[in-house]
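One letter stands for each residue in the lines below.
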Amino acid sequence: MMRYLLNRILYAIVTIWFVATATFFAMHFVPGDPLSNEKVIPEKIYATLQAYYGLDKPLGEQYLIYMQRLLQGDFGVSFTQQNRSVNDIIAEHFSVSAILGLLALIFALFGALIFGSVASIWRRRWPDTATVLGVMVAVSVPSFVFAALAQLFIVEMNQFTGWQVLPVAGWGSISHIWAPALMLGLGTMAFLTRLLRGSLIDTADQPYVLAAQARGLPPWRCFLRYQLRNALLPTLSVMGPTIAGITTGGFVVEQVFAIPGLGRYFVQAVAQLDYTVIMGTTVFYGAFLVIVVLAFDLLYAWADPRIRISRDMT
Amino acid sequence: MANAADHRYWATVWRRLKADRKAIACLVMLVGLILAVVAGPSLWSINPEAQFLNQIASSPIGSRTAIVVDANELWTGPDKTPEAGASTARLSVIEANTEFVRLSWRQDTSAKGYQLYRWSEGMNAASLGMPVAVLEAGDSWYEDRLNLRPERYEYTLLAVDELGTERYRQQIRVTPVLAMSEFDAELASIAEGETTIELPAHPLGTDHLGRDMLARLLEGGQVSLFIGIFAPLMYMLFGLAYGATSALIGGRVDAIMMSIVDFVIALPFLLFMILFRVALGTEPGESGIAALVIALIALGWPSPARLVRGEILRLREMPYIEAARLMGAGQRYLILRHLIPNVMGSVLVSFTFAIPSAIFTEAFLSFIGMGVVPPAPSWGSMCNDGISRLLTNPHMMLFPALAISITVLLFNLLGDALRDAMAIRRGAD
Amino acid sequence: MAALLDVRDLRVAIQAERGAVYPVQGASFSVDREETLCIVGESGCGKSVSMLAVLGLLGRAQVDAEQLSFAPTKEAVIDLGSCSQRELRRLRGRQIGLIFQDAAAAFNPVLPVGDQLAEPLRVHLGMSRRDARRRAVQWLERVGIIEPEKRAKQYPHEFSGGMLQRAMIAMALICEPSLVIADEPTTALDVSVQAEILDLLNDLKRTQHIGLIMITHDLGVVAEIADSVTVMYAGQSIERASKQSFFQNLKHPYSQALLACTPNWKQGRASIEPIPGAPPALDHIQTGCPFRFRCPHAWQRCEQLPPAFDDGGHMARCWLLDSDVDGPEHRSRPL
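This structure is a prediction, so every number in the text was calculated from the model and none was measured.

Cut-offs used in this document
Residues numbered from 1 in each chain as written. Chains lettered and ligands numbered in written order. Predicted model: local features only at pLDDT ≥ 70, side-chain atom pairs only at ≥ 80, totals over all residues. Helix = DSSP H or I, 4+ residues; strand = E, 2+ residues; numbered from the N terminus. Rg over C-alpha atoms; globule rule 2.2 N^0.38 Å. Buried ≥ 20, exposed ≤ 12 C-beta atoms within 10 Å, placed from the backbone. Contact = placed C-beta atoms within 7 Å. UniProt positions renumbered as here; feature names shortened; annotations may be inferred. Nonpolar A, V, L, I, M, F, W, Y, C, P; charged D, E, K, R; others polar. Pairing = 2+ DSSP bridges. Axes fitted to C-alpha atoms, helices over the stretch in contact; angles between N-to-C directions. Left-handed = near helix turned anticlockwise from the far one by under 90°. Expected span 1.5 Å × (residues − 1). Arc of directions from axis to C-beta. pLDDT = per-residue confidence, 0-100.

(A) Quick peek at the overall build of chain C. Within chain C, the regular secondary structure consists of 12 helices and 13 strands. For chain C, whose C-alpha radius of gyration is 21 Å, the value lies close to the compact-globule estimate of 20 Å for 335 residues. Each principal axis of the C-alpha distribution contributes one length, and for chain C these read about 70 × 50 × 45 Å. Burial status across chain C gives 47% buried among its 335 residues. Restricting the contact set of chain C to residue pairs at least 6 apart, pairs at least 24 apart contribute 65%.

(B) How the structure looks around the UniProt feature "domain: ABC transporter" (unreviewed entry) in chain C. Mapped onto the present numbering, the UniProt feature "domain: ABC transporter" (unreviewed entry) falls on residues 5-259 of chain C. The distance separating the terminal C-alpha atoms of residues 5-259 of chain C is 27 Å; by composition the span is 40% helix and 26% strand.

(C) Region of interest: the interface of chain B and chain A. Every contact between the two is made by 32 residues of chain B and, on the other side, 34 residues of chain A. If you list the elements that add at least two residues to the side of chain B that touches chain A, you get helix 5 (251-266), helix 6 (269-280), helix 10 (331-367), helix 11 (379-387) and helix 12 (394-428) of chain B. Counting residues per element, the side of chain B that touches chain A draws most heavily on helix 6 of chain B, at eight residues. Classifying every residue of the side of chain B that touches chain A by side-chain character gives 28 nonpolar, three polar and one charged.

(D) Inspection of the sheet that holds strand 3 (residues 101-105) of chain B at higher detail. Residues and elements named next belong to chain B. If you walk across this open sheet you meet the three strands as 2-3-6, and the pairing is antiparallel. Two strands bound the open sheet, and with one partner strand each, they are strand 2 (91-96) and strand 6 (141-144). In this sheet, adjacent strand axes meet at a mean angle of 20° when their direction is disregarded. For strand 3 and strand 6, the ladder comprises four bridges, and the chain directions are antiparallel. Pairing of Leu 103 across the sheet is with Tyr 142, part of strand 6.

(E) Quick peek at unusual backbone geometry. All names here are of chain C. Its identity is not glycine, yet Glu 34 carries a phi of approximately 60°, on the positive side. Positionally, Glu 34 belongs in the loop between strand 2 (19-31) and strand 3 (36-40). Phi is positive for Glu 176, which is not a glycine, with a value near 55°. Its place among the elements puts Glu 176 in the loop between helix 7 (161-173) and strand 8 (179-183). Residue classification places Glu 176 among the exposed positions, given that 12 C-beta atoms sit within 10 Å.

(F) Spotlight on the sheet that holds strand 11 (residues 236-242) of chain C. Residue and element names in this part refer to chain C. One open sheet holds the eight strands; their spatial order is 7-8-9-3-10-11-13-12, and the pairing between them is mixed. Unpaired on one side and paired on the other, strand 7 (96-99) and strand 12 (309-311) mark the two borders of the sheet. Strand-to-strand twist of the sheet, defined as the mean angle between neighbouring strand axes without regard to direction, takes the value 15°. The pairing of strand 3 with strand 9 (residues 211-216) spans five bridges and is classified as parallel. The residue of strand 9 that forms the bridge with Ile 39 is Ile 215.

(G) Expanded view of the environment of Leu270(B). Residues and elements named next belong to chain B. Positionally, Leu 270 belongs in helix 6. Its 25 C-beta neighbours within 10 Å are what place Leu 270 among the buried residues. For Leu 270 and Thr 361, which are 91 residues apart along the polypeptide, the C-alpha to C-alpha distance reads 8.1 Å.

(H) Spotlight on the interface of chain A and chain C. Between chain A and chain C, the residue contacts involve 18 residues of the former and 24 residues of the latter. Elements with a contribution of two residues or more to the side of chain A that touches chain C: helix 8 (207-214), helix 9 (219-237) and helix 13 (305-313) of chain A. Of the residues contributing to the side of chain A that touches chain C, the split by class is 10 nonpolar, four polar and four charged.

(I) View of the packing of helix 4 (residues 86-121) of chain A against helix 7 (residues 174-204) of chain A. Residues and elements named next belong to chain A. Packing of helix 4 against helix 7 leaves a shortest axis separation of 5 Å and a crossing angle of 35°. Note that helix 4 runs across helix 7; the crossing there is right-handed. A per-class count over the contact of helix 4 with helix 7 returns 23 nonpolar, seven polar and one charged.

(J) Quick peek at helix 8 (residues 191-208) of chain C. Residues and elements named next belong to chain C. The first and last C-alpha atoms of helix 8 sit 26 Å apart over 18 residues, in line with the 26 Å expected at 1.5 Å per residue. When we look at burial in helix 8, the residues that qualify are Gln 194, Ile 197, Leu 201 and Lys 205. Around the axis of helix 8, the buried residues are gathered within 75° of arc, so they sit on the same side. Seen from the buried face of helix 8, the exposed residues on the opposite side, beyond 90 degrees, are Ser 192, Arg 206 and Thr 207. In this structure, the buried residues of helix 8 make contact with strand 3, helix 7, strand 8 and strand 9. Looking one or two residues past helix 8, His 209 carries a phi angle of roughly 55°, positive in sign.

(K) Structural view of the pairing of strand 1 (residues 5-16) of chain C. Residues and elements named next belong to chain C. In terms of strand pairing, strand 1 meets strand 5 (residues 67-70) through four bridges, oriented antiparallel. Residue Asp 6 lies in a different strand from strand 5, and its bridge partner there is Ser 69. Where strand 1 meets strand 2, nine bridges bridge the pair, whose relative direction is antiparallel. Bridged to Arg 11 within strand 2 is Gln 25. Taking the residues that link successive antiparallel strands as the turn, the strand 1-strand 2 hairpin has two residues.

(L) Summary view of the UniProt feature "domain: ABC transmembrane type-1" (unreviewed entry) in chain A. Mapped onto the present numbering, the UniProt feature "domain: ABC transmembrane type-1" (unreviewed entry) falls at residues 94-300 of chain A. In the segment residues 94-300 of chain A, helix accounts for 85% and strand for 0%; the C-alpha atoms at its two ends are 26 Å apart.

(M) Summary view of the UniProt feature "transmembrane region" (unreviewed entry) in chain A. Residue and element names in this part refer to chain A. The UniProt record annotates "transmembrane region" (unreviewed entry) at residues 9-30, 94-118, 130-154, 174-192, 231-253 and 283-303. With 92% helix and 0% strand, residues 130-154 has end C-alpha atoms that lie 25 Å from one another. Helix makes up 96% of residues 231-253 and strand 0%, with an end-to-end C-alpha separation of 30 Å.

(N) Representation of the arrangement of the chains. Inter-chain contacts occur across two pairs of chains; the most extensive set of contacts lies between chains A and B. At no point do chain B and chain C touch; the closest pair of C-alpha atoms across them sits 17 Å apart.

(O) Region of the structure containing the confidence of the model for chain C. Residue and element names in this part refer to chain C. When the pLDDT values of chain C are averaged, the result is 86; 94% of them are 70 or greater. Note on residues 331-335: pLDDT under 50 across the span, and two contacts to partners over four residues away in sequence or across chains. Across the interfaces of the predicted complex, the ipTM metric reaches 0.86, alongside a pTM of 0.82.

(P) A look at the environment of Ala234(C). Residue and element names in this part refer to chain C. Along the polypeptide, Ala 234 turns up in the loop between strand 10 (228-233) and strand 11. For Ala 234, a count of 24 C-beta atoms within 10 Å corresponds to the buried category. Each residue touching Ala 234, except ones within four places of it in the same chain, is listed here: Gln 25, Cys 45, Pro 279, Pro 280, Leu 282, Gln 286 and Pro 290.

Here it is as structure tokens:
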């Protein structure tokens, strides 16, 4: 297990290095110059700025400096907000995205647990049919449409009740979180519901569930400890990609609800060609996802004794 | 197991697919959709970039009959000015059409001036709306010509004192009639003397720039479907070749090739889509479609490569392949006759699922303004245009959103059906 | 005195998507304490379904029986047919233990074996976690598992097939039930392990004073372990007898055919005669003898369902046993 763990961590580090390198070189293909973007700057100031950002050095040297800084966890200084470090910007905006994403994930998991269980227990009856139909619609409608519909609904609701039940957009209070988090979680919820329903139906036919019933265990115990517990393993194995999906979805939901998250900031930074912010955010997200995927892989290996023990032996 | 290279396999798959009424309905609708998008623009020949300035953001169900008015006439107030002197300024509408709204009121001797506001649907319900004019104490009429549309307005006239503080307000609701100026009517070569004309039909309405939604939806569909089908086709083929090569060579080469796959999969997809999209750049006048396709291919190929490699490794262990090898079948024969046809099944299913996800990605990127560049329409960018006008013109968001959702739904359903039809192989394994 | 389990004319109907299925169409059997009943038949003849029906584990299937009584003690006779799900649940695992054919599949792969063993103790007997655990380890030792302490903490996939079957037996017996049903407990095992498991079951039957129902398709197992035998075919009990009487005089042509296709090594060579054809589909209720399509003696009379012909406790359902039969050529044919 130790060796396996070390191997995986090493591989993750190499992957992060690859992401960082790919980001660096992709960025240097971007046409245009971050310094002479809009206004014309006097030659001398231009040179000073170039030196400040190290843009006057050859590409190889720039890469080395960039890597050196990354190793120290330093993403550099923003091009458009010269007094702010990229680390600060990420810290400020990512916390917003993280809260939103976490809540969306919780929504998605709870929803999937409830709908998946209901559908598998009442299989081929109306709760199942309704769930399957709902899932099909929810995975086929883009998240921004759901977000827009939610806004429309909030506006109507506020108008109907005559007071502000929920804010239409923005950020800052608890009441701002619910609608965007729910909309962000909806697609993931549908995806996980479909997965969980399928694996619950598979495990329902497993002899160990029948054996548990034959031992006279209460129905809820048979369901939770025998059926659901095994059915959750496939769900756990897709948690890494699922979190990546929620992160991606956040870009759009933040846009629609005007939430100052990292996704929205990234889109603005791209529009303004803020090199360091773009690179920093990409590497940050890349590393974040690599770590999340690794963590869930390890968690999966731990949760399934068949894998855990076979790894022990090697 | 039935050898999939056998024609019977595909015949069985096709037969099972045909028996699935839902699948056939999806297939027919998808073919219809693609045909409509390809042939549609020649049937509905309105230029998607033409702006119908008289019909800006008109809804599909709105009236198309417009009155012709003389918009050049200089209005000098109502013929009969209401008498001054009463204690309140009673606001009234003299005439209201989309070329001009004429308001008048009784002068109030105590008021030292007036402010006029216009509120319309979608504005903050608590506000008075947009300030239209600041008027003198002696004024008793106003002509509003600012960006008028055939929707409900609420005008508010504030009577103010010397300091500009509100004394009282008068409100009036009005819905301007659709109108066309004589000048425009002449340009559109409509016979002189006509008092009403029929404006061009827009079955799905027009957008905020007065462009025909149907024409744009069809052209946008070409863009969205092209990206959605072509890019996955390319990266599935590349992934197939890559995965097959990796599996067949095996050993260290396989290990290295698969590490590369792992690395590329680890890249944060959407961020790199944006990065590539920006790095590949769009010169002025370019649509950004090529950049999107290249970015999709660059990031999309690893999943099919992994799938194909896994399938080939699995198939190689199958007894019948083993048997063929023992009987002296050559590598080349095995690949062509057994491996590739067998792998094609899973590749076809994942291709069917790759299409909706590519359509989603395009819509996503265009929605946040990182995809197809205006004026080239795509369903995603049309949604982006629509969302800011969701409250006033819901049809601008509704139609492109429906187009995306229905297309994606159909491809998803077809993919499910195809996977079920292919499942005979899993059963026979 | 009532038998431990007495089942008469059990019938099961399952409404499936493509019409109804009748997997059991009149099964009768009974077993006493310290008795081993073997239920024999080909796969798909309703043996396992009958057992699940007795335990009330068939979900929404419709179960009927003339008699379905269970007497865990001499005084208390329980009518299983009129029990609620809740009452049945209290009997399952507590009074009736079930041993599955494939032990590897019958254990939850993500729970340690010891935990799964201890679970019925905690649920049925309200034991503390520690007591249940100790009892589980004791039972593992009792069924012949070495290092039971260590094994109790391990997961099912760390056990061999034979060991899992032993653990399964321990799990069925752990609450000291009065009846144990074993559904082909040795089929999935190596031949050498099979004998050990049979011995173990036989021992436990005696020491625990349990009634044992053993489902098998192997007449060799029957000869080794049974006290009485019931042969099932197409969901019906077609022959019932004590072991001696059964092997001395196989009355039903199906039983004879079954014996004929069991390898007989005593004669120095294996003589196997397969039964031609396949059992009938169970999508309708049989109106004639279900074996008539494969029976070498079949004649006109077999179009009617044969009644039970009982001769001193040896029952068989075959028209050949009817003393009133007027077809001389059939009666004269040696059985």
